[in-house]
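Coordinates in review
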Amino acid sequence: MTHLWQMSATEIADAVRSKRVSAVAVTQAHLDRVAEINPDINAVVQEFPDEALDAARAVDATIAQGQDPGVLCGVPVTIKVITDQKGHATTNGLRLNKDLIADSDSPVVSNIRAAGGVIVGRTNTPAFSLRWFTKNDLHGQTLNPRNKAITPGGSSGGASAAVASGMCAIGHGTDIAGSIRYPA
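What you are looking at is a predicted structure, and each value in this text was computed from that prediction instead of being measured. (Residues numbered from 1 in each chain as written. Predicted model: local features only at pLDDT ≥ 70, side-chain atom pairs only at ≥ 80, totals over all residues. Heavy atoms only, no water.)

To continue, consider the overall build of the protein chain. When helices and strands are tallied, the protein chain shows five helices and six strands. Helices and strands in the protein chain line up, N terminus first, as α-α-β-α-β-α-β-β-β-α-β. For the protein chain, whose C-alpha radius of gyration is 16 Å, the value lies close to the compact-globule estimate of 16 Å for 184 residues. Across its three principal axes, the protein chain shows a C-alpha extent of roughly 45 × 40 × 25 Å. The 184 residues of the protein chain split such that 50% are buried. Here the contacts in the protein chain between residues at least 6 apart in sequence split such that 65% fall between residues at least 24 apart. Within the structure as shown, the protein chain displays about 8800 Å² of accessible surface, and the carbon and sulfur contribution to it stands at 54%. Measuring between centres, the 16 positive side-chain charges of the protein chain sit 5 Å from its 17 negative side-chain charges. (Helix = DSSP H or I, 4+ residues; strand = E, 2+ residues; numbered from the N terminus. Rg over C-alpha atoms; globule rule 2.2 N^0.38 Å. Buried < 20%, exposed > 50% of the residue type's maximum accessible area, 1.4 Å probe, protein only. Contact = heavy atoms within 4.5 Å. Areas by Shrake-Rupley, 256 points an atom, 1.4 Å probe, with all protein chains shown as cover. Lys, Arg positive; Asp, Glu negative; His and termini not counted. Charge placed at Lys NZ, Arg CZ, Asp CG, Glu CD.)

Our next topic: the sheet that holds strand S3 (residues 118–123). Backbone-to-backbone hydrogen bonds join strands into a sheet, with any given pair of strands oriented parallel or antiparallel. Strand order in the open sheet formed by four strands is S1-S3-S2-S6, and the pairing between neighbours is mixed. The two strands at the open ends of the sheet, each matched to only one other strand, are strand S1 (44–46) and strand S6 (170–171). Pairing geometry for S1 and S3, over two bridges, is antiparallel. In the sheet register, Val-44 faces S3, and the bridge partner there is Thr-123. (Pairing = 2+ DSSP bridges.)

Looking now at the pattern of salt bridges. Taken as a whole, this structure holds six salt bridges when the rule is applied. With a shortest N-O distance of 3.3 Å, Asp-68 and Arg-17 are connected by a salt bridge. Residue Asp-68 is located in the loop between helix H3 (49–64) and strand S2 (76–80), and its partner Arg-17 is located in helix H1 (residues 9–17); the two are separated by 51 residues in the primary sequence. Across the salt bridge formed by Asp-99 and Lys-98, the nearest N and O atoms sit 2.9 Å from each other. What makes Asp-99 exposed here is its relative accessible area of 58%. By relative accessible area, Lys-98 is classed as partly exposed at 45%. Because the salt bridges share partners, they merge into one network encompassing Asp-14, Arg-17 and Asp-68. (Salt bridge = Lys/Arg side-chain N within 4 Å of Asp/Glu carboxyl O.)

The subject of this paragraph is the environment of Ser-156. If you trace the backbone, Ser-156 turns up in the loop between strand S5 (140–141) and helix H5 (157–164). Residues Ser-156 and Ile-79 lie 77 residues apart in sequence; the distance between their C-alpha atoms is 9.7 Å. From its side chain, Ser-156 meets the backbone oxygen of Thr-174 in a polar contact 2.9 Å long. (Polar contact = N/O pair within 3.5 Å; in protein donor to acceptor, adjacent residues only side chain to side chain.)

With that out of the way, let us pick up the packing of aromatic side chains. What the rule picks out here adds up to zero aromatic pairs. Positioned over the ring face of Trp-5 is Arg-33, at 3.6 Å from the centre of the ring. (Phe/Tyr/Trp six-rings, centres within 6.5 Å; stacked < 30°, edge-to-face > 60°. Lys NZ or Arg CZ within 6 Å of the ring centre and 35° of its normal.)

Counting residues in each nonpolar core, the largest one holds 37 residues, and the members touching the most others are Ile-12, Val-16, Val-59, Val-75 and Met-167. Elements that contribute at least two residues to this core include exactly H1, helix H2 (23–41), H3, S2, helix H4 (107–114), S3 and H5. Counting residues per element, this core draws most heavily on H2, at six residues. When near neighbours in sequence (up to four residues on either side) are disregarded, Val-16 contacts Val-21, Ser-22, Ala-23, Val-26, Val-59, Asp-60, Ile-63, Cys-73 and Gly-74. (Core = buried A, V, L, I, M, F, W, Y, C linked by side-chain atoms within 4.5 Å.)

The subject of this paragraph is the environment of Gly-166. Along the chain, Gly-166 turns up in the loop between H5 and S6. The sequence separation of Gly-166 and Glu-51 amounts to 115 residues, and the corresponding C-alpha distance is 19 Å. Excluding anything up to four places from it in sequence, Gly-166 contacts Trp-5, His-30 and Arg-33.

Encoded structure:
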């Protein structure tokens, strides 16, 4: 039996759009997965389940009104802590930035929301996103969910670990020196 957190982004969007499953059920399954797996690997460092469930309810309401919420229709997504997301700290993995709360969304966050994506958490990154491993003094180290002896990657290590372990279907990633290519 395939669990909701094991479905691909495409499968989720199709299932939510066709009302075979609600965005709320998908979001809750991924939030449950975060609660189950994240304590062991530390990929998601900022959680806000109420906000995620509110976004999922909005997707379901849009569908109930006969409208299409967008290509990411109910797909659980994580955002790196290097990117502004309104109401959340853009820490860049730095203690100095732990209280740097964004007052608006970056374009990537706005576009994910506009496409019907449901943001379920924010992922870890090395300080300034400048390492090939994901570890910092504020959020600690992210471990590879498949093999804790090897890195999950650099600045997108939290995102790659979250996707690989089923905490989200899509993880926001960036790549300067292999942050996406290493985990892939």
